[in-house]
Protein chains: 2
Amino acid sequence: MSNDRPAISEDALTDGTAVPTRAAGKRSYGRVTLKDIALDLDISLATVARAFQKDTIISEETRQLVLRRAEQLGYRANVFARSLATRKTRIVGVIMSSVNSPIYSEVLAKLSERIHRIDMSLMLIPGSYAQDFDASLQTLMAYSPDAILVFSGLLSEAAIEQAKHAGVPLIYFNRVSRDPDAYGVGCDNEAGAALVADLLIDSGHERLAFLSSGNDATTNIERMTGFVERTRMRGLPAPKIIPATGFSYEDGLNAALAAREQLPAIDSLFCASDLLALGFADEARRRFGLRIPEELSIVGCQNIALASWSSHDLTTLCLPIERMVDETLAMLSSLSQGQIVEPRVVRVPSTGITERGTTARKK
Amino acid sequence: MSNDRPAISEDALTDGTAVPTRAAGKRSYGRVTLKDIALDLDISLATVARAFQKDTIISEETRQLVLRRAEQLGYRANVFARSLATRKTRIVGVIMSSVNSPIYSEVLAKLSERIHRIDMSLMLIPGSYAQDFDASLQTLMAYSPDAILVFSGLLSEAAIEQAKHAGVPLIYFNRVSRDPDAYGVGCDNEAGAALVADLLIDSGHERLAFLSSGNDATTNIERMTGFVERTRMRGLPAPKIIPATGFSYEDGLNAALAAREQLPAIDSLFCASDLLALGFADEARRRFGLRIPEELSIVGCQNIALASWSSHDLTTLCLPIERMVDETLAMLSSLSQGQIVEPRVVRVPSTGITERGTTARKK
DNA sequence: TCAAAAAAAGAGAGCGCTCTCATTGACAAT
DNA sequence: ATTGTCAATGAGAGCGCTCTCTTTTTTTGA
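Now for a quick tour of the structure. Everything numeric in this text was worked out from a predicted model, so none of it was measured. (Residues numbered from 1 in each chain as written. Chains lettered and ligands numbered in written order. Predicted model: local features only at pLDDT ≥ 70, side-chain atom pairs only at ≥ 80, totals over all residues. Heavy atoms only, no water.)

**Comments concerning the overall build of chain A**
Line of reasoning, step 1. Scanning chain A for helices and strands turns up 13 helices and 12 strands.
Line of reasoning, step 2. Taken over 363 residues, chain A has a buried fraction of 53%.
Line of reasoning, step 3. For chain A, restricting intrachain contacts to residue pairs at least 6 apart in sequence, the fraction spanning at least 24 positions comes to 70%.
Line of reasoning, step 4. When the accessible area of chain A is evaluated, it comes to approximately 16400 Å², of which 52% is carbon and sulfur surface. (Helix = DSSP H or I, 4+ residues; strand = E, 2+ residues; numbered from the N terminus. Buried < 20%, exposed > 50% of the residue type's maximum accessible area, 1.4 Å probe, protein only. Contact = heavy atoms within 4.5 Å. Areas by Shrake-Rupley, 256 points an atom, 1.4 Å probe, with all protein chains shown as cover.)

**Some remarks on the pattern of salt bridges**
Side-chain pairs of opposite charge can arise whenever the charged atoms involved come near each other.
Residues and elements named next belong to chain A.
Line of reasoning, step 1. Applying the stated criterion across every chain, the model contains 34 salt bridges over all chains.
Line of reasoning, step 2. Of the charged contacts in the structure, one is a salt bridge between Arg361 and Glu355, with a shortest N-O distance of 2.8 Å.
Line of reasoning, step 3. On the basis of relative accessible area, Arg361 is assigned to the exposed category, the value being 52%.
Line of reasoning, step 4. Judged by its relative accessible area of 41%, Glu355 is partly exposed. (Salt bridge = Lys/Arg side-chain N within 4 Å of Asp/Glu carboxyl O.)

**Some words on the sheet that holds strand β4 (residues 170-173) of chain A**
Line of reasoning, step 1. Ordered by their spatial adjacency, 12 strands build an open sheet running β11(A)-β5(A)-β4(A)-β3(A)-β1(A)-β2(A)-β2(B)-β1(B)-β3(B)-β4(B)-β5(B)-β11(B), and the pairing between neighbours is mixed. Both edges of this open sheet fall to β11 (345-348) of chain A together with β11 (345-348) of chain B, since each of them pairs with a single strand only. Strand-to-strand, the axes of this sheet are offset by a mean angle of 20°, without reference to chain direction.
Line of reasoning, step 2. Relative to strand β5 (residues 183-187) of chain B, strand β4 (residues 170-173) of chain B runs parallel, the two being bridged by 3 bridges. Note that in β5 of chain B the partner of Ile171 of chain B across the bridge is Tyr183 of chain B. (Pairing = 2+ DSSP bridges. Axes fitted to C-alpha atoms, helices over the stretch in contact; angles between N-to-C directions.)

**Describing the sheet that holds strand β8 (residues 268-271) of chain A**
All names here are of chain A.
Line of reasoning, step 1. Pairing in this open sheet of 6 strands is mixed, and the strands run β7-β6-β8-β9-β10-β12 from one edge to the other. Of all the strands in the sheet, the pair left with one neighbour each is β7 (240-243) and β12 (353-354).
Line of reasoning, step 2. Examined bridge by bridge, strand β6 (residues 208-212) and β8 share 4 bridges and lie parallel to one another. Residue pairing in the sheet places Leu211 in a bridge with Cys271 of β8.
Line of reasoning, step 3. The strands that helix α9 (residues 189-202) touches are β6, β8, β9 (297-302), β10 (315-318) and β12; relative to β10, the one it contacts most, it runs at about 150°.

**Topic: helix α5 (residues 79-86) of chain A**
Since the α-helix advances by 3.6 residues per turn, residues separated by three or four positions end up pointing in the same direction.
Line of reasoning, step 1. Taken residue by residue, α5 of chain A has Val79, Phe80 and Ser83 of chain A as its buried positions. All buried residues of α5 of chain A lie within an arc of 100° about the axis, which places them on one face of the element.
Line of reasoning, step 2. Residues of α5 of chain A that are buried in the fold lie against α5 (79-86) and β1 (91-96) of chain B.
Line of reasoning, step 3. Put simply, Asn78 of chain A is the residue that caps the front of α5 of chain A, since its side-chain oxygen is 2.7 Å from the backbone nitrogen of Phe80 of chain A.
Line of reasoning, step 4. Arg87 of chain A occupies a position one or two residues after α5 of chain A and carries a positive phi of about 65°. (Arc of directions from axis to C-beta. Polar contact = N/O pair within 3.5 Å; in protein donor to acceptor, adjacent residues only side chain to side chain.)

**Side note on the packing of aromatic side chains**
All names here are of chain A.
Line of reasoning, step 1. Using the criterion set out here, one finds 17 aromatic pairs over all chains in the structure.
Line of reasoning, step 2. Ring centres of Phe210 and Phe227 lie 6.1 Å apart, and the angle between their planes is 40°; on these two criteria the pair is classed as tilted. Of this pair, Phe210 sits in strand β6 while Phe227 sits in helix α10 (residues 218-233), placing them 17 residues apart in sequence. Phe227 matches Phe210 in its accessibility class, with the two residues each being buried. (Phe/Tyr/Trp six-rings, centres within 6.5 Å; stacked < 30°, edge-to-face > 60°.)

**Brief notes about the relation of the copies chain A and chain B**
Line of reasoning, step 1. For the pair chain A and chain B, the best superposition has an RMSD of 0.0 Å and corresponds to a rotation of 180° with a translation of 0.0 Å parallel to the axis. What the rotation and shift describe, once combined, is the action of a two-fold rotation axis.
Line of reasoning, step 2. Of the residues that chain A buries at the interface, 92% are likewise interface residues in chain B, meaning the two copies contact each other through the same surface. (Least-squares fit on C-alpha atoms with pLDDT ≥ 70 in both.)

**So, the interface of chain A and chain B**
Accessible area lost during the coming together of the parts is what is often quoted as the interface size.
Line of reasoning, step 1. Chain A puts 64 residues into the contact, and the matching count from chain B is 62 residues.
Line of reasoning, step 2. With both sides pooled, the region where chain A packs onto chain B buries about 5700 Å², and carbon together with sulfur makes up 59% of that total.
Line of reasoning, step 3. Linking chain A to chain B there are 0 salt bridges.
Line of reasoning, step 4. It is helix α6 (residues 102-117) of chain A that provides the largest number of residues to the side of chain A that touches chain B, a total of 9 residues.
Line of reasoning, step 5. Here the side of chain A that touches chain B is built from residues that sort into 29 nonpolar, 19 polar and 16 charged. (Buried area = accessible area lost by both parts, 1.4 Å probe. Nonpolar A, V, L, I, M, F, W, Y, C, P; charged D, E, K, R; others polar.)

**Overview of unusual backbone geometry**
Line of reasoning, step 1. For the bond running from Glu342 of chain A to Pro343 of chain A, omega is -5°, close enough to zero to count as cis.
Line of reasoning, step 2. Take Pro343 of chain A: it is sitting in the loop between α13 (321-336) and β11.
Line of reasoning, step 3. In this model, Ile292 of chain B is joined to Pro293 of chain B through a cis peptide bond whose omega is 10°.
Line of reasoning, step 4. Tracing the backbone through its elements, the reader meets Pro293 of chain B in the loop between α12 (274-288) and β9 (297-302).
Line of reasoning, step 5. Here the phi dihedral of Asp55 of chain A falls at roughly 50°; this positive angle occurs in a residue that is not glycine.
Line of reasoning, step 6. Position of Asp55 of chain A among the secondary structure elements: in the loop between α3 (45-51) and α4 (60-73).
Line of reasoning, step 7. Its identity as a non-glycine residue notwithstanding, Asp119 of chain B has a phi of 65°, on the positive side.

**With respect to the pairing of strand β1 (residues 91-96) of chain A**
All names here are of chain A.
Line of reasoning, step 1. For β1, the tally of buried residues reaches 6 of 6 residues, placing the bulk of the element in the interior.
Line of reasoning, step 2. Of the two faces of β1, both are covered, the one formed by Ile91, Gly93 and Ile95 as well as the one formed by Val92, Val94 and Met96.
Line of reasoning, step 3. Pairing analysis gives 6 bridges linking β1 to strand β2 (residues 121-126), with the strands arranged parallel. Bridging across to β2, Gly93 finds its partner in Met123.
Line of reasoning, step 4. The parallel pair β1 and β2, bridged by α6, forms a crossover whose chirality is right-handed. (Right-handed = clockwise from strand over helix to strand, strands pointing away.)

**Topic: the pairing of strand β6 (residues 208-212) of chain B**
All names here are of chain B.
Line of reasoning, step 1. Among the 5 residues of β6, 5 are classified as buried, and the element is accordingly described as predominantly covered.
Line of reasoning, step 2. Both faces of β6 are covered, namely the face carrying Leu208, Phe210 and Ser212 and the face carrying Ala209 and Leu211.
Line of reasoning, step 3. As paired strands, β6 and strand β7 (residues 240-243) are joined by 4 bridges and run parallel to one another. Bridge pairing in β7 places Ala209 opposite Lys240.
Line of reasoning, step 4. Note on the crossover from β6 through helix α10 (residues 218-233) to β7: the handedness is right-handed.

**Notes on the side chain of Ser112 of chain A**
Line of reasoning, step 1. Tracing the chain through its elements places Ser112 of chain A in helix α6.
Line of reasoning, step 2. What makes Ser112 of chain A buried here is its relative accessible area of 1%.
Line of reasoning, step 3. In this view, Ser112 of chain A contacts Leu122 of chain A together with Leu124 and Pro126 of chain B; residues no more than four positions away in its chain are not counted.

**A word on the packing of α6 of chain A against α13 of chain A**
Residue and element names in this part refer to chain A.
Line of reasoning, step 1. Close contact between α6 and α13 brings their axes to 10 Å; oriented N to C, the two are set at 40°. With respect to α13, the element α6 is oriented oblique. At the point where α6 passes α13, the crossing takes the right-handed sense. Contact residues: Ile103, Glu106, Val107, Lys110, Leu111, Arg114 and Ile115 in α6; Ile321, Glu322, Val325, Asp326, Thr328, Leu329 and Leu332 in α13. (Parallel < 35°, antiparallel > 145°, perpendicular 65-115°, else oblique. Left-handed = near helix turned anticlockwise from the far one by under 90°.)

In C-alpha cells form, the structure reads like this:
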C-alpha cells in the first residue's frame, strides 16, 4: 500500500542542468532561502538579509533589486530560523477552555483576525481540563510565544510560575488573576451589574435574584457583588442568590429545575451569562409554563448574538467585546515590541444594557 | 489585594552561589538548552540529544541520567531549533472563515483538543475575506505546517498552487476541492438529504422546498441534489428552491422575508444549515405568524447544539462531526509521519435525522 | 589633494537542535 | 595476539536566519 509512487521522483532527472527558478538548496524545506537569492544575484547573504529589514543601511537600489528577485523566486522567510536567531516569535498563544461557546468564539473570531492584521500568529490551546492543561501549556511554551492570552480560569500556580520564569507575559481576558505581574483586560462588571439592578428596580421590580455561575469565576463574583450592592443601596432586600453549576445553557436548564420553589418569591432574575439566562428561561417556560416577562423578568449578561434573535429576545447587559479586543491588541503589540505596558490591568467601562422582551416595565 | 505574597520570591536570595539549577546560557531564550545539560553532566551534546529521541542507540543508564537532570533543570525543547533542523513542524494550520458559527466552533473545539493529544499544535488563521486571505495563507505557510485544514471555500487557485509547491498537504473539511491532489473529509450529504426527503414524504408532505445557501458551496449543492433527486424518485414534483445569501441566521431571516408569497405553495422546507432554518423559522413566525410545524415543517442540517434547545426544537439532519474529526485526525497523523494516505477523500456516512418539533406527521 | 567620515557591502559567529560520520572500548571470533 | 562486530559516545557540520564587526567604496571638507 505504500511502496509505489513512481511519478514524483521523475523530475529528479530533469533537475541537473539549467533550471534557474529552482535555486540551489539541496535538501532544504523545498523553499527559496536568502542564500539562494544571494547566490543568484552574486551578492553577500548579509546584504540580501538587510534588504528585508527596516532601519538598516543599504542602498535603495540594491534593496529593490533584491526584493524584486526575491519576489520572482517566490522567497518566503523561514520563521523558525528567524525566531531562533531573534528569540522573538510573533506568536500569540491563546488558552481557551470553551471555544465552543458563543461569547468565546465571537471573541476568538475577532481576535484571530486582528492578530493577523498586526502580522502575528495565533496558536490555539484547548484549556479543557486541569490535568491536560499543564501539558497544553508546555506545548505552548515550547513555542516561546510573545504573549499568552488566557481565557480560562484554570491556570495552575505552577503553570503561572513557569510562564513567568520563561519571561512570557500572560494577559488575562475578562478575568482577574491573583498574580500581580499579570496583564489583564476586563470590564467594569460591578458597574454594569449595578445598572441592571437600577433598571429592574426602576421598572418596578422588588424581589430581585441573581443566577450565579456557582464557581469562583471573577466575572461571576463581580457581577453578583455589583448587583447585590446596588440593590441594597436602593433600599431593597438583598437579592436571592440562585446557584448554578457553570455558565452554560445546560447549567441554566438545571438551575431552573432546581429553583422551582423559589420562583414565586422573585420577580426578576439577573443571570451571570446569556446562556445561563437562555437555559433558565427555556426550561422554566417548558416545565412550569412560566410566563416571561409577566411573571419573571430575566436579564442576561454578554449580549451574544443569540440574545437578539426573536425567539429569545433577551434583555442583557452588554460585554464591551469590541473595546476589550482593542485593548488586548494594544497590549499585545506593545508587549511584542518589548515596550513597557502600564497599567497592567485595563478595565473597559460597561456599554450598558440592551433592553428586549424578557423584562417587564411594571410602572 | 494583590501585593502580598512573600513566600515565593524568597528563593531568589539563595540564588547567588551554589545553585547548579541555573546552568550556563548567557543570553539565550532564558531557557535551559541541551548544551546546558551536556555541560552540567559533562557529556557530549550529542548524547544528551539522543536521550530525548526514540529509536536511538544510547544506554538506558545514560538516558535516565539525562532525563532526570533535564527534568530538574526544567529543560524544554526549543521547537524552532528542532523544526529548523528537521523540517518538520508538528504544526497544523487551520483556515477557518467563521470561527464564530456554532458548527465551526464546535468542530474547532473538538479538533484543537484532539490535535494537542497527538502532540501537534494548531495555528489558526481567519479566512474572512478573499483579499486578506492570501496574505493569511502566506503567514501560515511561513510556518511550514505539516498540513493545512481548510474550512473555507475561498481558497484561490494561486494559494492552492503555492501550498502544493511547498509540499504542504491541504485537507478540506466538509467540502470538496477541484484540486485532485487535495485530501478531504466530508460526509454523504446526498444520502443524508435523501433521508430528509423520505422523512417528509413519508410523514405526508407533498410540496417540498429547499432553502439553498445560494452560493456554490459543495455542501449546499450536494444537499440540494440529494433532496431533489429523491423527491423526484418518489414521484413528487421537484422541490421549490428558495434562495438565501449564505448559511447564517440572518440569511435565514432575510430568506423568510423574501419568500413570503411562496409560503402557501409549500408544506415543508429543508434548509441547507441549522442557522438558516432557525432564522427562517424565527422570522416567519414573527412576521407572518406562521405556525410551525402545522403550516410548514422545517428541517435543518448539522444538528448544532442550539437545535436541541426547547426554544427551537429543530428537526435536523445530523452532521457526523465526531467521525469526521476522527478521520481528519487519522489523516493528520499519517501525513505528519510522512505516510502515504489513501484514499485521499473520505466520506463519512450520514448519521441520520433527529426528529424534533418542527416537523409534522400528517399521516 | 588627501585624510576623515559616512555609506554600503561582506565575513562570520551564533541561535538550539538534528544527524551523519568518526572514535572508543568491550567482547566474541579467528 | 589480531581482527571484526557492535554498542556507546563524541565531534562537527548544517538548518536559515540575525547581528556584530570588518572591510571596501563613496562622499565630504579644509
